[in-house]
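# Structure at a glance
If you want the building blocks of each chain, they are given just below.
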Amino acid sequence: MPRSVNAVASRARRKKVMKQAKGYFGRRKNVWTVAKNAVEKAMLYAYRDRRNKKRTFRALWITRINAGARLHGMSYSQFMGKVKSNGIDLNRKVLADLAMNHPDAFKAIVEKVK
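In short, a report on the structure. (Residues numbered from 1 in each chain as written. Predicted model: local features only at pLDDT ≥ 70, side-chain atom pairs only at ≥ 80, totals over all residues. Heavy atoms only, no water.)

### Here we look at the packing of helix 2 (residues 32-71) against helix 3 (residues 76-85)
- Where helix 2 contacts helix 3, the two axes come as close as 8 Å, and the packing angle between them is 95°. Of the possible angle classes, the one that applies to helix 2 and helix 3 is roughly perpendicular. Residues Ile62, Ile65, Asn66 and Ala69 of helix 2 lie in contact with helix 3, whose contacting residues are Tyr76, Phe79 and Met80.
- Per-class residue counts for the contact of helix 2 with helix 3 are six nonpolar, one polar and no charged. (Axes fitted to C-alpha atoms, helices over the stretch in contact; angles between N-to-C directions. Helix = DSSP H or I, 4+ residues; strand = E, 2+ residues; numbered from the N terminus. Parallel < 35°, antiparallel > 145°, perpendicular 65-115°, else oblique. Contact = heavy atoms within 4.5 Å. Nonpolar A, V, L, I, M, F, W, Y, C, P; charged D, E, K, R; others polar.)

Shown next as structure tokens:
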């Protein structure tokens, strides 16, 4: 009996990867083995960085809150400690937005917790 290979499925699998490699530079976009490795690596980076993005944004929010708090004579840790003890349930994302875009509202929060 002759050997049977599922060429349709193999071709579809390769087409899917080649489509994902569109826009890559050089042989990464049109040579199967190179494109496969490049797409696989890109998927790993994407998976890793979906998690890292959360850390990065939290660090950004902390930096913005710290800058806003220091304008009013408090450090970040003092400010956040007093926010929690006063029962203000605003997360870092909202506090950072207030510190950047609505300084009057942020000042009101600082005055309330002082």
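### Some details on the environment of Val83
- One can find Val83 in helix 3.
- Along the backbone, Val83 and Leu98 are 15 residues apart, and their C-alpha atoms lie at a distance of 14 Å.
- Excluding its chain neighbours within four sequence positions, the residues that come into contact with Val83 are Ile88 and Val113.

### Looking at the nonpolar core
- Counting residues in hydrophobic clusters, the biggest one holds 16 residues, and the most contacted among them are Ile65, Phe79 and Phe106.
- Within the residue set of this core, elements represented by two or more residues are helix 2, helix 3, helix 4 (92-101) and helix 5 (103-113).
- Among residues more than four places away in sequence, those in contact with Phe79 are Ile65, Ala69, Met74, Leu95, Phe106, Ile109, Val110 and Val113. (Core = buried A, V, L, I, M, F, W, Y, C linked by side-chain atoms within 4.5 Å. Buried < 20%, exposed > 50% of the residue type's maximum accessible area, 1.4 Å probe, protein only.)

### Examining the packing of aromatic side chains
- A full pass over the atoms with the stated rule returns two aromatic pairs.
- Pairing Phe79 with Phe106 gives two aromatic rings, centres 5.2 Å apart and planes at 45°, and the pair type is tilted. Placement of Phe79 in helix 3 and of Phe106 in helix 5 is noted, with a sequence separation of 27 residues between them.
- In this structure, Arg14 packs its charged tip against the face of Trp32, placed 5.7 Å from the ring centre.
- The ring of Tyr47 has Arg51 lying over it, and the distance from NZ or CZ to the ring centre is 3.9 Å. (Phe/Tyr/Trp six-rings, centres within 6.5 Å; stacked < 30°, edge-to-face > 60°. Lys NZ or Arg CZ within 6 Å of the ring centre and 35° of its normal.)

### Description of a positive patch on the surface
- The grouping of Arg11, Arg13, Arg14, Lys15, Lys16, Lys19 and Lys22 at the surface amounts to a positive patch.
- Here Arg14 lies in helix 1 (residues 7-20).
- Classification of Arg14 as partly exposed rests on a relative accessible area of 36%. (Patch = residues over 30% accessible without salt bridge, like charges linked within 9 Å, V, L, I, M, F, W, Y side chains within 5 Å. Areas by Shrake-Rupley, 256 points an atom, 1.4 Å probe, with all protein chains shown as cover. Salt bridge = Lys/Arg side-chain N within 4 Å of Asp/Glu carboxyl O. Lys, Arg positive; Asp, Glu negative; His and termini not counted. Charge placed at Lys NZ, Arg CZ, Asp CG, Glu CD.)

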